[in-house]
Amino acid sequence: GAVVSQHPSWVICKSGTSVKIECRSLDFQATTMFWYRQFPKQSLMLMATSNEGSKATYEQGVEKDKFLINHASLTLSTLTVTSAHPEDSSFYICSAAISPGTGELFFGSGTQLSVL
Amino acid sequence: AQSVSQHNHHVILSEAASLELGCNYSYGGTVNLFWYVQYPGQHLQLLLKYFSGDPLVKGIKGFEAEFIKSKFSFNLRKPSVQWSDTAEYFCAVNRFTSGTYKYIFGTGTRLKVLA
């Protein structure tokens, strides 16, 4: 099946620094990627939908200036957590679909972010 | 608020018992419906999906789900569970809104099957 690679798997950073998370579709082109945040023992919360070559669509309550999403190519989307704070500590998961309307999502392995 | 609801957060069954996990959504219009499963230590993977046609869809590993439009439901079923079905199950809705597709997940149901 299709593979989505997400890096890094975990990152620890100091408060105030920025962290970039990469999401790559390895064997298919993904015009649309989805970024989720998952709190312990809770579901995946959609943060934003990332479309190649255009601005991301953010969900209500998600700060676009804090969570910068760039989908520069058909195989790469990045999420940058700017000026991270302890409350940003969470598990971030990216996913991609070959056909965003009807196709299944393929998930990255997730990134555990811990902000000290 | 519009959402995807899964009624059972934790389910414990013995092997060979029947399973039904509830899923309701509150979006109007056209939606595509999915069930995903996450086995311990693994990525989420697709169990089955519904777009149109026969409202009873069959997925992998003996799972099936029925779309009931009037009830906004898409319940997951399996006649006889196995120990290997122990996992977390997520219902998801995909819809086109505000110029883009959105995949919204339910809260998940943790299933434990006792051998």
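1. Brief notes about the sheet that holds strand S8 (residues 76–81) of chain A
All names here are of chain A. In space, the four strands of this open sheet follow the order S1-S3-S8-S7, with antiparallel pairing throughout. Two strands lie at the open edges of the sheet, namely strand S1 (4–7) and strand S7 (67–73), each paired on one side alone. Strand-to-strand twist of the sheet, defined as the mean angle between neighbouring strand axes without regard to direction, takes the value 15°.

2. Considering the interface of chain B and chain A
The partner chain A presents 20 residues to the 19 residues of chain B that form the contact. In total, about 1,700 Å² of surface goes out of reach between chain B and chain A, with carbon and sulfur atoms giving 57% of it. Counting every contact that joins chain B to chain A gives one salt bridge. Linking Lys102(B) and Glu59(A) is a salt bridge whose minimum nitrogen-to-oxygen distance equals 2.9 Å. Across the chain B-chain A interface, the total number found is seven residue pairs in polar contact (both at pLDDT 80 or more). Counting residues per element, the ones that place at least two in the side of chain B that touches chain A are strand S5 (32–38), strand S6 (44–50), strand S10 (87–97) and strand S11 (100–105) of chain B. The greatest single-element share of the side of chain B that touches chain A, amounting to six residues, is contributed by S11(B). In terms of residue class, the side of chain B that touches chain A is built from ten nonpolar, six polar and three charged.

3. Here we look at the pairing of strand S3 (residues 19–25) of chain A
In regular strands, side chains alternate between the two faces of the sheet. All names here are of chain A. Residues of S3 alternate between two faces, with Val-19, Ile-21, Cys-23 and Ser-25 buried on one and Lys-20, Glu-22 and Arg-24 left unburied on the opposite face. Judged from the four bridges that link them, S1 and S3 form a sheet pairing that is antiparallel. Each residue of the ladder has a partner; that of Val-4, found in S3, is Ser-25. With six bridges joining them, S3 and S8 adopt antiparallel strand pairing. Within S8, the residue paired with Cys-23 across the bridge is Ser-77.

Conventions we followed
Residues numbered from 1 in each chain as written. Chains lettered and ligands numbered in written order. Predicted model: local features only at pLDDT ≥ 70, side-chain atom pairs only at ≥ 80, totals over all residues. Heavy atoms only, no water. Pairing = 2+ DSSP bridges. Helix = DSSP H or I, 4+ residues; strand = E, 2+ residues; numbered from the N terminus. Axes fitted to C-alpha atoms, helices over the stretch in contact; angles between N-to-C directions. Contact = heavy atoms within 4.5 Å. Buried area = accessible area lost by both parts, 1.4 Å probe. Salt bridge = Lys/Arg side-chain N within 4 Å of Asp/Glu carboxyl O. Polar contact = N/O pair within 3.5 Å; in protein donor to acceptor, adjacent residues only side chain to side chain. Nonpolar A, V, L, I, M, F, W, Y, C, P; charged D, E, K, R; others polar. Buried < 20%, exposed > 50% of the residue type's maximum accessible area, 1.4 Å probe, protein only.

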